[in-house]
Amino acid sequence: MRTIVGSIEAEYRRYKKYAEGAMRQLNDDQLAEAPADSNSVATIVWHIAGNLKSRFTDFLTSDGEKPWRDRESEFLQRRVTHAEMLARWESGWQTLFDALRDLDDGQLARDVTIRGVPLSVLEALHRSLAHTAFHVGQIVFLAKSLRGTQWEFLTIPPKV
C-alpha cells in the first residue's frame, strides 16, 4: 500500500511544479541574480539537486550524506543556461522519484541515517519535503521579485 508515500510524492511533485513555473519565467541572466549575501535561483537549484541526489541514492541502505557530495560547492555563485540548470535539477528529482517508486507504507517505520543520525523513513521524508519546500519558496520569491509586474502567478492570483 502506498497511501502515505503516494501523498508525500504528490507534494514533492507539486513543489517541483511551482519551482519550474517560476524558473520558466526567468532568462539566463536572471538565474544568476541574487540580492546581497543571498543565493541566486541557479545556486538554490544546485543545492536542492545535490541534496536530493545525496539523500535518496541508496536511500534505505546508506547514510543520506554521501562522501562524494560537495555541499559547499553547491552554494557558489554560478552562471548557467536554463538547459544546464534543468539537467542538474532533473538529476536530483529523478533520484528522489526512483527511490520513492520502490517504497511502500510498510517501510515507513524502518530506520535510515542522515549524517549519522537515525530517523524513520517517514521522518526522513518529512524532513526532506520541508527542506525542499523551503528552498522552492526561495526560488518563487526570487523569481517574483525579478519579474516584478511581469510575474505570472503560479496559483490563484490575488484579486486586484
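See the structure printed just above.
**Q** Whenever I open this one, the pairing of strand 1 (residues 111-114) confuses me. Can you help?
**A** For a regular strand, side chains alternate in direction, first toward one face of the sheet and then toward the other. Judged by which residues are buried, strand 1 turns out to be one-sided: Val112 and Ile114 face inward and are buried, whereas Asp111 and Thr113, on the alternate face, are not. With 4 bridges joining them, strand 1 and strand 2 (residues 117-120) adopt antiparallel strand pairing. Bridged to Ile114 within strand 2 is Val117. Between strand 1 and strand 2, which pair antiparallel one after the other, the connecting turn spans 2 residues, and Arg115 there sits at a positive phi close to 55°.

**Q** Is there a simple way to think about the nonpolar core in this case?
**A** Note that soluble globular proteins tend to have their nonpolar side chains buried in a common cluster. If you look at the biggest cluster of nonpolar residues, it comprises 39 residues, and the most contacted ones within it are Tyr12, Val41, Phe59, Leu125 and Ile139. Every element with two or more residues in this core is listed here: helix 1 (3-23), helix 3 (41-56), helix 5 (82-101), strand 1 and helix 6 (121-147).

**Q** Would you mind showing me how to read the packing of aromatic side chains here?
**A** Aromatic ring pairs: the centre-centre distance and the angle between the two ring planes describe each pair. Overall, the coordinates contain 5 aromatic pairs when judged by the stated rule. Taking 5.3 Å as the distance between ring centres and 55° as the angle between the ring planes, the aromatic pair formed by Trp89 and Trp93 counts as tilted. Linking Trp89 with Trp93, this pair stays in helix 5, spanning 4 residues, or about one helical turn. You can call Trp89 buried: its relative accessible area is 0%. Ring geometry for Trp93 versus Phe97: centroids 5.7 Å apart, planes at 35°, classification tilted. Taken together, the positions of Trp93 and Phe97, both in helix 5 and 4 residues apart, correspond to about one turn of that helix. Note on accessibility: Trp93 and Phe97 belong to one class, buried.

Definitions and cut-offs
Residues numbered from 1 in each chain as written. Predicted model: local features only at pLDDT ≥ 70, side-chain atom pairs only at ≥ 80, totals over all residues. Heavy atoms only, no water. Buried < 20%, exposed > 50% of the residue type's maximum accessible area, 1.4 Å probe, protein only. Helix = DSSP H or I, 4+ residues; strand = E, 2+ residues; numbered from the N terminus. Pairing = 2+ DSSP bridges. Core = buried A, V, L, I, M, F, W, Y, C linked by side-chain atoms within 4.5 Å. Phe/Tyr/Trp six-rings, centres within 6.5 Å; stacked < 30°, edge-to-face > 60°.

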